[in-house]
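Structural overview for review
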Amino acid sequence: MPPENAPDKQSLIDYLQARLPEPVPIHQLGANSQVFVGGDPGEVVVHIIDQSIIVSVFAVEWETPYTPVMVPEEYAILNWYELSADRLQLRLDELIDSARRKRLSRYRTCERCGETKPPEHMHSDEVCQSCAEEHLGIVH
């Protein structure tokens, strides 16, 4: 049985849109399934399925050299319907912050251009893809 002050789904959606790093596109995957991707480049992915929330770390795999595909790394699952609105927001804050820190810890600074980039834009731990192409003759 849900707590007396359990959040309704629209309140949860509004909260996630306000709480996740901007921009926050929403992808509707069915009648009861929404995916929120926070940040550009992506940092945190939150998937609402019926009464569950999956918080994931944003990640990318390259299907082809020109086709990145989002493959979120599942971080935690909550049954939002069983928590009070206050408890849910507190728990989501913790999980979103933690998943975001994990994602940002993977960023690297290119030794050639000095720019900090997400891992999917790095050729190696030291050189970004752009510099690898420009200075090392690498073709992606």
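In this report, the structure presented in the accompanying data block is examined. Once a new chain begins, its residue numbering starts again from 1 and follows that chain's sequence as written. Where totals are concerned, whole chains, interfaces and linings use all residues; where local detail is concerned, this predicted model gives features only for residues with pLDDT of at least 70, and gives and counts side-chain atom pairs only at 80 or more. Side-chain measures were taken over the full set of non-hydrogen atoms in the model, leaving aside hydrogen atoms and water.

Considering unusual backbone geometry
The residue after Glu-22, namely Pro-23, is reached through a cis peptide bond having omega -10°. Positionally, Pro-23 belongs in the loop between α1 (9–19) and β1 (26–30). Between Asp-40 and Pro-41 the backbone carries a cis peptide bond, its omega angle lying at 5°. Looking at the element boundaries, Pro-41 is found in the loop between β2 (33–38) and β3 (44–49). The backbone of Asp-50 shows a phi angle near 50°, a positive value even though the residue is not glycine. Under the scheme used here, helices are H or I runs from DSSP no shorter than 4 residues and strands are E runs no shorter than 2 residues, and both carry numbers assigned from the N terminus.

A short note on the sheet that holds strand β4 (residues 52–57)
Two strands pair under a simple rule: DSSP has to find at least two bridges between them. A sheet is described by the order of its strands in space; here five strands give the open sequence β1-β2-β3-β4-β7, paired in antiparallel fashion. Here the strands that pair on one side only, and so sit at the sheet edges, are β1 and β7 (73–79). Across this sheet, the average inter-strand angle for adjacent strands is 20°, counted without regard to direction. The pairing of β4 with β7 spans six bridges and is antiparallel. Note that in β7 the partner of Val-55 across the bridge is Ala-76. Here an angle of 0 to 180 degrees is reported between the N-to-C directions of two axes, which are lines fitted to C-alpha atoms, with helices fitted over the stretch in contact.

What to know about the nonpolar core
In this structure, Leu-16, Ile-53 and Leu-92 are the most contacted members of the largest nonpolar core, which totals 21 residues. Here this core takes five residues from helix α2 (residues 85–104), the largest share from any one element. Note on contacts: a residue pair is in contact if any heavy atoms of the two residues lie within 4.5 Å. Once residues lying within four places of it in the same chain are set aside, the contact partners of Leu-16 are Phe-36, Val-46, Ile-48, Leu-92 and Ile-96. We define a nonpolar core as any set of buried Ala, Val, Leu, Ile, Met, Phe, Trp, Tyr and Cys residues linked to one another through side-chain atoms lying within 4.5 Å. Between buried and exposed lies partly exposed: a residue is buried under 20% and exposed over 50% of the maximum accessible area for its type, with that area taken using a 1.4 Å probe on protein chains only. Core analysis: the next-biggest nonpolar cluster, separate from the first, contains six residues, Cys-110, Val-127, Cys-131 and Ala-132 among them.

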